[in-house]
Structure formats: C-alpha cells, structure tokens
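Results of the structural survey
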Amino acid sequence: MEELNLPRFQFKVKETVKGREIWDEFRKKYVVLTPEEWVRQHFLKFLNDYLKYPKSLLKTEFEIKYNKLKKRPDIVAYDNTGSALMVVECKAPEVKISEATFQQAAIYNQTLKAKYLVITNGMDHFCCEQNKKTGTFDFVEKIPVYQS
C-alpha cells in the first residue's frame, strides 16, 4: 500500500479469499484492505499513539441516523463524558479533498454534534473547530491532542 503523510505503523495483513485484509485493533477483527481502510487504520493509530485519544473513546464504521437515512462515519472520537468530540472522514489517498467531503462530515455532525471535523486522505489533513458563537466551522492549524 501507498506510504502516507502519517507516521509509519506496523499492521497485521493477510491474504484471504476476499483479498487482502488488515487487522483492525479497534473493531477487533480483520477487514478488507481498501485504500480508504489503509488511511482509516493509520489515522486511528495516529489519534491513539500520537494524539493520546484512548482506544475506548474511538469508534469506527458504526451506524447513525440522519433524516431517516443510515450513515456510517469513518471515525468518531468521544470525550470522557461520552459526547462526540471529533468526526473524521477518511478518503483514499488518490481522492482529492473537496467541499463535498466536508459536506459529508457536516451531515454526520448534524447528528453527532462534535466540536471538531477532520478530513483526511492520508496525504492531506484538515481540521475545523466549531465556533460556539456563530455555529460555523473555522480551520485550525493542528488536530488537537486529547484532553482528559
């Protein structure tokens, strides 16, 4: 798989009848290794190992409801009270990050109400923080370190 603009991590990868699979230590199972999954696994490890988000507060690929539609955010980080803190939308490295990508994360956030939105394709990473006064999102320079 392609080298990303994230730290290098060691992953368990195996060949199966489904193709290559990667061990997801957060979901505790092997999942099909797509380019987007490669980015998701790296970003999960980055959040946990470098930004100190506890594994127990990182959730991935679960169902939420938005206007009676079923949606599946890539990663949601929670704070220690159980409220959504950050929504992360992952794309494959070759996918250009666009306004549509931000809209996708914003739709998830209509339900989750997180303080931060992060968009990554493994090469470029963007983080926005919700402005409490206006309700809009402003870009921030760095993805915040977890504060317990």
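Residues numbered from 1 in each chain as written. Predicted model: local features only at pLDDT ≥ 70, side-chain atom pairs only at ≥ 80, totals over all residues. Heavy atoms only, no water.

**Some thoughts on the sheet that holds strand 3 (residues 29–32)**
Short version of the rule: DSSP-based pairing: two strands are paired if at least 2 bridges between them are found. Helix and strand assignments follow DSSP, with helices taken as H or I runs no shorter than four residues and strands as E runs no shorter than two, numbered in order from the N terminus. Angles here are taken between N-to-C directions and fall from 0 to 180 degrees, while the axes themselves are lines fitted to C-alpha atoms, restricted in helices to the stretch in contact. Only heavy atoms enter the contact rule, under which two residues are in contact if any of them lie within 4.5 Å.
If you walk across this open sheet you meet the 3 strands as 1-2-3, and the pairing is antiparallel. Among the strands making up the open sheet, the edge pair consists of strand 1 (13–16) and strand 3. Strand-to-strand twist across the sheet, computed as the mean angle between neighbouring axes with direction ignored, equals 40°. Looking at chain direction, strand 2 (residues 19–24) and strand 3 are connected through 4 bridges and run antiparallel. Across the sheet, the residue bridging to Trp23 is Tyr30, located in strand 3. Packing against the sheet, helix 1 (residues 35–50) makes contact with strand 2 and strand 3, and its axis sits at approximately 20° to strand 2.

**Brief notes about helix 1**
Operational definition: By definition here, a helix of n residues has an expected span of 1.5 Å times n minus one.
The end-to-end C-alpha distance of helix 1, which contains 16 residues, comes to 22 Å, matching closely the 22 Å that a straight helix rising 1.5 Å per residue would cover. Lys52 occupies a position one or two residues after helix 1 and carries a positive phi of about 65°.

**Some words on the pairing of strand 2**
The pairing of strand 1 with strand 2 spans 4 bridges and is classified as antiparallel. Across the sheet, residue Lys14 finds its bridge partner in strand 2, namely Glu21. The antiparallel hairpin formed by strand 1 and strand 2 contains 2 residues in its connecting segment. Connecting strand 2 to the antiparallel partner strand 3 that follows it, the hairpin turn spans 4 residues, and Lys28 within it adopts a positive phi of roughly 60°.

**A word on the environment of Arg72**
As a reminder of what qualifies: To sort residues, take the accessible area from a 1.4 Å probe on protein chains only and compare it with the maximum for the residue type: under 20% means buried, over 50% means exposed, and anything in between is partly exposed.
You can see Arg72 is positioned in the loop between strand 6 (69–71) and strand 7 (75–78). Residue classification places Arg72 among the partly exposed positions, given a relative accessible area of 41%. Along the primary structure Arg72 and Glu89 are separated by 17 residues, whereas in three dimensions their C-alpha atoms are 9.9 Å apart. Leaving out residues up to four positions away in the same chain, Arg72 has contacts with Glu61, Phe62, Glu63 and Tyr108.

**Points about the packing of aromatic side chains**
For clarity, the cut-off: Pairing of aromatic rings covers Phe, Tyr and Trp, the last through its six-membered ring, and needs centres within 6.5 Å; plane angles under 30 degrees mean stacked, over 60 mean edge-to-face, and all others mean tilted. The rule for a charge over a ring is simple: NZ of Lys or CZ of Arg within 6 Å of the ring centre, and within 35 degrees of the ring normal.
For the structure shown, the criterion picks out 10 aromatic pairs. Ring plane angle 65° and centroid distance 5.2 Å describe the contact between Trp23 and Tyr30, whose orientation is recorded as edge-to-face. For Tyr30, a relative accessible area of 28% puts it in the partly exposed group. These aromatic residues form a ring-pair network of at least three members: Phe9, Phe11, Trp38, Phe43, Phe46 and Tyr50. Cation over ring: Lys55 sits above Phe26, and NZ or CZ is 5.8 Å from the ring centre. Geometry around Phe62 places Lys59 over its ring, the cationic atom sitting 4.5 Å from the centre.

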